[in-house]
Amino acid sequence: MKNVVLIGMPNTGKSSVGKELAKILNMKFVDTDYLIKKEVNMELRDIVIEKGLNEFLKIQESTLLKIKEHNAIISTGGSVIYSDSVMLHLKKDGIIVFLDTKKEILIKRITSDRRFAKEKSKNFDELYNERIPLYRKYADFRISCDNRKIEEISEGIVKKINNLIN
């Protein structure tokens, strides 16, 4: 089985859906945010604050290009789509699934301590509008997460994957 790579905005549920999918499909779960933290021994938000966005994106790229997983569910950070080389690397051995959630729902989920890999001058609307076309560009398919439970989203992904490989 190919990897299943989850992309989408922060707070879409990539990690939660990824863990559920890993259980359903009996696959390994890989969280790229965890891999980055482990690589540099820092919280992601601290990397962005202390080293800046460009350095964070470089660290993210170098870390994700090392992924050699097979038969895994890979949950990515929202900014992964800024690297064409990473996306092509993940797509080579994986099915890319865009977890799509309306902006209004995401805004309600954001907590005040949440940091995003973005330029300081950009607000959430600008970030959302910049990223959505990139998620669509790389995705093999999209699944709506609006007002759906993790189990429903996961089952929908499994059905679409089965349609792709059969």
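Check the entry above for the structure.
In short, a report on the structure. Because the structure is a prediction, the values reported are computed rather than measured.

Things to note about the pattern of salt bridges
Working step 1: Using the criterion set out here, one finds eight salt bridges in the structure.
Working step 2: Between Glu20 and Lys23 there is a salt bridge; the shortest N-O distance is 3.7 Å. Of this pair, Glu20 and Lys23 both sit in helix α1 (residues 14-25), three residues apart, which is roughly one turn of that helix.
Working step 3: On the accessibility criterion, Glu20 (18% relative accessible area) is buried.
Working step 4: Classification of Lys23 by relative accessible area gives exposed; the value is 64%.

What about a nonpolar patch on the surface?
Working step 1: Nonpolar side chains collect at one region of the surface, where Met1, Leu164 and Ile165 lie side by side and expose about 300 Å² of accessible area between them.
Working step 2: For Met1, the position within the fold is in the segment before β1 (3-7).
Working step 3: Met1 sits in the partly exposed class, given a relative accessible area of 47%.

As for the pairing of strand β5 (residues 141-144)
Working step 1: Only one face of β5 is covered, namely the one carrying Phe141 and Ile143; the face carrying Arg142 and Ser144 has none of its residues buried.
Working step 2: The pairing of strand β4 (residues 94-100) with β5 spans four bridges and is parallel. Looking at the pairing, Phe98 lines up with Arg142 of β5.

Points about unusual backbone geometry
Comment: phi is negative for the bulk of residues other than glycine, and the bulk of peptide bonds are trans.
Working step 1: Here the phi dihedral of Asn11 falls at roughly 75 degrees; this positive angle occurs in a residue that is not glycine.
Working step 2: With a phi angle near 60 degrees, Asn71 is a residue other than glycine that sits in the positive phi range.
Working step 3: Along the chain, Asn71 turns up in the loop between α4 (53-64) and β3 (72-75).
Working step 4: According to the relative accessible area criterion, Asn71 is partly exposed, its value standing at 31%.

Conventions we followed
- Residues numbered from 1 in each chain as written.
- Predicted model: local features only at pLDDT ≥ 70, side-chain atom pairs only at ≥ 80, totals over all residues.
- Heavy atoms only, no water.
- Salt bridge = Lys/Arg side-chain N within 4 Å of Asp/Glu carboxyl O.
- Helix = DSSP H or I, 4+ residues; strand = E, 2+ residues; numbered from the N terminus.
- Buried < 20%, exposed > 50% of the residue type's maximum accessible area, 1.4 Å probe, protein only.
- Patch = residues over 30% accessible without salt bridge, like charges linked within 9 Å, V, L, I, M, F, W, Y side chains within 5 Å.
- Areas by Shrake-Rupley, 256 points an atom, 1.4 Å probe, with all protein chains shown as cover.
- Pairing = 2+ DSSP bridges.

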